[in-house]
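# Descriptive structure summary
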Amino acid sequence: MKKIKIYRSIAKLKRIDMFYFDTKTEGPPILCLHGRRGRAETWFDFIQHYGEQYRIIAPDQRGHGLSSKPISKYTAEEMAEDIIQLLDFLKIDSIILVGHSMGGAVAGYLAAVYPEYVKAVAILDKSASGPVEPNKVMIDKSQLRDPLTKNWPLPFATRNEAMNFIRKAADSNLEYQYFMNSLVETVEGYQMMFSSQAMAANMAYYENWFHLLPSIQCLVLLIRAKGNQTISDEDFISMQSLIPNCIAHEMSHPDHNVHLSNKEEFYEWFDMFLKGI
């Protein structure tokens, strides 16, 4: 398989600067949205797999990687608006959309609210459940800290120290690689590229989006990891029943990174999804 060249660039949008990967290849565009604490980097294998037939675009979403990290609520609405602005910047009017975890919620919002932009959507290991009412409590957003990493000894003094700590903190080798994609050296030491405030805000202001599912009229691929850690059986069945045109699959592997845990299995289902569009 020919290696696909990835072009890196920054789009200056209305509210943020957004870093993104772009293959600039011929074919229908597929836009990929990473999960919380992730980066465009998580889609590298996906890009190599589909980059000859499709134009693959993968941004670092706000609060992540090389994109801007403003003090904000990091709601699906805010993050979806960023993507619409990116598509307008790139002069793309229709996409196949893929979202993993947090990116799956953003993808679901985009498909429901901006259907004219979305031909089909894949939602990877993300439940629509959450608080029914949005968080109305006054929160000093600037004081929010990511509950997962707030007690990490950041910045790490050396890369080896960072690697050893993250390896022990991660639940799997895939999760370890996921975090390592966001490790960067700074003048203070080794830091994570995602904003701690952004991660905490995204969780604090997250809300249920089951009500959006009937509005998604395009083809939907819904995939969850084996077991029910992220999407309960009840939620998985409810999501399928509410989505008018849905293909659903449970992976044979329990890792949350369903697009990486068993690539052959994932691509088999994603190929089926693409053929159905």
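### With respect to the overall build of the protein chain
Counting its regular elements, the protein chain contains nine helices and 10 strands. In summary, the protein chain has a C-alpha radius of gyration of 18 Å against a globular reference of 19 Å for 277 residues, a match within 12%. Once the C-alpha set of the protein chain is aligned to its principal axes, its extents read approximately 50 × 50 × 40 Å. Among the 277 residues that make up the protein chain, the fraction classed as buried is 54%. Only carbon and sulfur atoms are counted for the fraction: they give 50% of the accessible area of the protein chain, which is about 12700 Å².

### Things to note about the pairing of strand S4 (residues 55-59)
Burial analysis of S4 places four of its five residues in the buried class, the great majority of the element. Two strands pair when backbone bridges link them, and strand S2 (residues 17-22) and S4 are joined in this way by three bridges, in the antiparallel orientation. Each bridged residue has a counterpart across the sheet, and for Phe21 the counterpart in S4 is Ala58. Note that strand S3 (residues 29-33) and S4 share three bridges and pair parallel. Note that in S4 the partner of Leu31 across the bridge is Ile57. Handedness of the β-α-β unit built from S3, helix H1 (residues 44-50) and S4 comes out right-handed.

### Topic: the packing of helix H2 (residues 76-90) against helix H3 (residues 102-113)
Helices that pack against each other are described as a pair by the angle of their axes relative to one another and the distance between those axes. Following both chains from N to C, one finds H2 and H3 inclined at 70°, their axes separated by 9 Å at the closest point. Classified by the angle their axes make, H2 and H3 are roughly perpendicular. Residue-level contacts link Ala76, Glu77, Met79, Ala80, Ile83 and Ile84 of H2 to Met102, Ala105, Val106, Tyr109 and Leu110 of H3. Residues that form the contact of H2 with H3 fall into these classes: 10 nonpolar, no polar and one charged.

### Describing the packing of helix H4 (residues 159-169) against helix H5 (residues 173-180)
For the pair H4 and H5, interaxial distance at closest approach is 9 Å and the crossing angle is 140°. With respect to H5, the axis of H4 lies oblique. Between H4 and H5 lies a crossing of right-handed hand. On the side of H4, the interface is formed by Arg159, Met163, Ile166, Arg167 and Ala169, while H5 contributes Asn173, Glu175, Tyr176, Phe179 and Met180. Of the residues in the contact of H4 with H5, the class split is six nonpolar, one polar and three charged.

### Section: the nonpolar core
One finds Leu31, Leu86, Leu97, Leu110, Val121 and Trp209 to be the most contacted residues of the largest nonpolar core, which totals 64 residues. The leading source of residues in this core is H3, at eight residues. Beyond its immediate chain neighbours, meaning those up to four positions away, Leu31 contacts Ile57, Pro59, Ile83, Leu86, Leu87, Ile95, Ile96, Leu97 and Val98. With 32 residues, the next largest nonpolar core counts Ile6, Ile96, Ala225 and Trp269 among its residues.

### What about the confidence of the model for the protein chain?
Averaged over all residues, the pLDDT of the protein chain equals 96, while 99% of them reach at least 70. Within the protein chain, the lowest mean pLDDT, 95, falls on helix H6 (residues 196-204), and the highest, 99, falls on S3.

### Looking at the side chain of Arg39
Position of Arg39 among the secondary structure elements: in the loop between S3 and H1. A polar atom in the side chain of Arg39 sits 2.9 Å from the side chain of Asp60. Excluding residues that lie within four positions of it along the chain, Arg39 makes contacts with Phe19, His34, Asp60, Gly65, Leu66, Asn181, Ser182 and Met193.

Conventions adopted
Residues numbered from 1 in each chain as written. Predicted model: local features only at pLDDT ≥ 70, side-chain atom pairs only at ≥ 80, totals over all residues. Heavy atoms only, no water. Helix = DSSP H or I, 4+ residues; strand = E, 2+ residues; numbered from the N terminus. Rg over C-alpha atoms; globule rule 2.2 N^0.38 Å. Buried < 20%, exposed > 50% of the residue type's maximum accessible area, 1.4 Å probe, protein only. Areas by Shrake-Rupley, 256 points an atom, 1.4 Å probe, with all protein chains shown as cover. Pairing = 2+ DSSP bridges. Right-handed = clockwise from strand over helix to strand, strands pointing away. Axes fitted to C-alpha atoms, helices over the stretch in contact; angles between N-to-C directions. Parallel < 35°, antiparallel > 145°, perpendicular 65-115°, else oblique. Contact = heavy atoms within 4.5 Å. Nonpolar A, V, L, I, M, F, W, Y, C, P; charged D, E, K, R; others polar. Left-handed = near helix turned anticlockwise from the far one by under 90°. Core = buried A, V, L, I, M, F, W, Y, C linked by side-chain atoms within 4.5 Å. pLDDT = per-residue confidence, 0-100. Polar contact = N/O pair within 3.5 Å; in protein donor to acceptor, adjacent residues only side chain to side chain.

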